[in-house]
Amino acid sequence: YVNNYEPYYGVYETDTSNNLLLASAPVTVTYQVVPPDLAPVSVAALSNSVVFYPPSPQNPTVPVIGLVTNEGGGVALASPSYNYWYDTVYVSTNRSINGAVSSQNFPVSGASPLAAGGSYTRTNTVTLPEQSGTYYLFYLANSYFVNGEGYADVYEVNTNNNLLMASGPVTVTYQVVPPDLAP
């Protein structure tokens, strides 16, 4: 844009034919996407034994702590529309996520932007089945992206390391305590 005469916006010129210079060689611009790589590195229940006392309505729960690290070279950045992504804890009857009997999604807010090498820790209260048994807990980082939900997620190239089983199982004991009726 050449301004032939605007006293406040340009310089007056009578000859504008010499105002352009063409580069002697093309300029190459390279754009590279360096994605993050969210991976849980530690998952543990705060208690490995939960006792469930009926008949009053209650759901056995256990706090679960998950530590997730960004092992990628890029920044993990939540969608501006949501400002969070989701992690999920699965409760399974065996050492495989295929045995999951329930799952609970937890929003990860306040961790974005997460720099390369950065980490976050979340403590979530997980509801367990109302049945005696041994249960295994699995932590899935960035679960909406891994499961193809398409929103409230972080783009990753590698999702092979997003799932981690807790260090030990949780045992739920359904215990009936008879009433103590005395005259």
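These numbers were taken from a predicted model, which means no experiment stands behind them.

**Q** Give a detailed account of the overall build of the protein chain, specifying residues and quantitative values.
**A** Scanning the protein chain from terminus to terminus reveals one helix and nine strands. Counted from the first residue to the last, the protein chain has its helices and strands arranged as β-β-β-β-β-β-β-α-β-β. Compactness check: the protein chain gives a C-alpha radius of gyration of 28 Å against a globular reference of 16 Å for 183 residues, more than 25% above the reference. Here the C-alpha coordinates of the protein chain stretch approximately 115 × 35 × 25 Å along the principal axes. Put simply, the protein chain has 183 residues, and 35% of those count as buried. In the protein chain, of all internal contacts separated by at least 6 residues, the share reaching a separation of at least 24 is 70%. Summing over all exposed atoms, the protein chain offers an accessible surface of approximately 11400 Å²; the carbon and sulfur share of this is 53%.

**Q** Any details on a nonpolar patch on the surface? Residues and values, ideally.
**A** Taken together, the side chains of Tyr 31, Val 33, Tyr 155 and Val 157 define a hydrophobic patch exposed on the protein surface, amounting to about 520 Å² of accessible area. Structurally, Val 33 is set in the segment before β1 (38-45).

**Q** Hey, could you go over the nonpolar core for me, with residue numbers and the actual values?
**A** Counting 28 residues, the largest nonpolar core has Leu 38, Val 62, Trp 85, Tyr 120, Leu 128 and Leu 137 as the members making the most contacts within it. Looking at this core, the elements that each hand over two or more residues are β1, β2 (49-52), β3 (61-70), β4 (84-92), β5 (100-109), β6 (119-127), β7 (133-140) and β9 (170-174). With near-sequence residues (within four places) excluded, Leu 137 lies in contact with Ala 45, Val 62, Val 64, Tyr 90, Val 91, Leu 128, Leu 164, Met 165, Ala 166 and Val 170.

**Q** Hey, could you go over the side chain of Asp 37 for me, with residue numbers and the actual values?
**A** Relative to the assigned elements, Asp 37 resides in the segment before β1. Among buried Asp, Glu, Lys and Arg side chains, Asp 37 stands out as unpaired, with Arg 122 the closest opposite charge at 17 Å. A polar contact of 3.4 Å, which involves the side chain of Asp 37, links it to the side chain of Asn 158. The contact partners of Asp 37, leaving out residues within four places of it in the chain, are Thr 69, Asn 70, Glu 71, Gly 72, Glu 156, Asn 158, Asn 161 and Asn 162.

**Q** Let's hear about the sheet that holds β6: which residues, and what values?
**A** Taking strand neighbours across the sheet as the criterion, the three strands line up as β1-β3-β6 in an open arrangement whose pairing is antiparallel. Only two strands of the sheet have a single neighbouring strand rather than two, namely β1 and β6. On average, each strand axis in the sheet is tilted by 25° relative to the strand beside it, whichever way the strands run. Sheet topology places β3 next to β6; nine bridges connect them, and they run antiparallel. Considered in β6, the bridge of Thr 61 is made with Thr 127.

What counts and what doesn't
Every chain is numbered independently, its residues counted from 1 as its sequence is written. Given that this is a predicted model, residues contribute local features only at a pLDDT of at least 70 and side-chain atom pairs are listed and counted only at 80 or more, while totals for whole chains, interfaces and linings are drawn from all residues. Side-chain descriptors were evaluated using all non-hydrogen atoms of the structure, hydrogens and water having been removed beforehand. In this text, helices come from DSSP runs of H or I with a minimum length of four residues, and strands from runs of E with a minimum of two, each type numbered from the N-terminal end. The globule rule is 2.2 Å times the number of residues to the power 0.38, and the radius of gyration it is compared with is taken over C-alpha atoms. Categorising residues by exposure relies on relative accessible area from a 1.4 Å probe, with only protein chains included: less than 20% of the type maximum marks a residue as buried, more than 50% marks it as exposed, and the intermediate range marks it as partly exposed. We call two residues contacting when some pair of their heavy atoms lies within 4.5 Å. Note on areas: Shrake-Rupley, 1.4 Å probe, and residue coverage restricted to the protein chains presented here. Grouping into patches uses exposed residues only, defined as over 30% relative accessible area, and leaves out salt-bridged ones; the cut-off is 9 Å for like charges and 5 Å for nonpolar side chains (Val, Leu, Ile, Met, Phe, Trp, Tyr). Whenever Lys or Arg places a side-chain nitrogen within 4 Å of a carboxyl oxygen from Asp or Glu, that contact is recorded as a salt bridge. Take the buried residues of types Ala, Val, Leu, Ile, Met, Phe, Trp, Tyr and Cys, join any two whose side-chain atoms come within 4.5 Å, and each joined set is a nonpolar core. Positive charge is attributed to Lys and Arg, negative charge to Asp and Glu, and no charge count is given to His or to the chain ends. A 3.5 Å cut-off defines polar contacts: any pair of N or O atoms within that distance qualifies, except that in protein one atom must be a possible hydrogen donor and the other a possible acceptor, and neighbouring residues in sequence count only when both atoms are side-chain atoms. Note: two strands are recorded as paired if DSSP finds a minimum of 2 bridges between them. Axes here refer to lines fitted to C-alpha atoms; in helices the fit is confined to the stretch in contact. Angles between the N-to-C directions go from 0 to 180 degrees.

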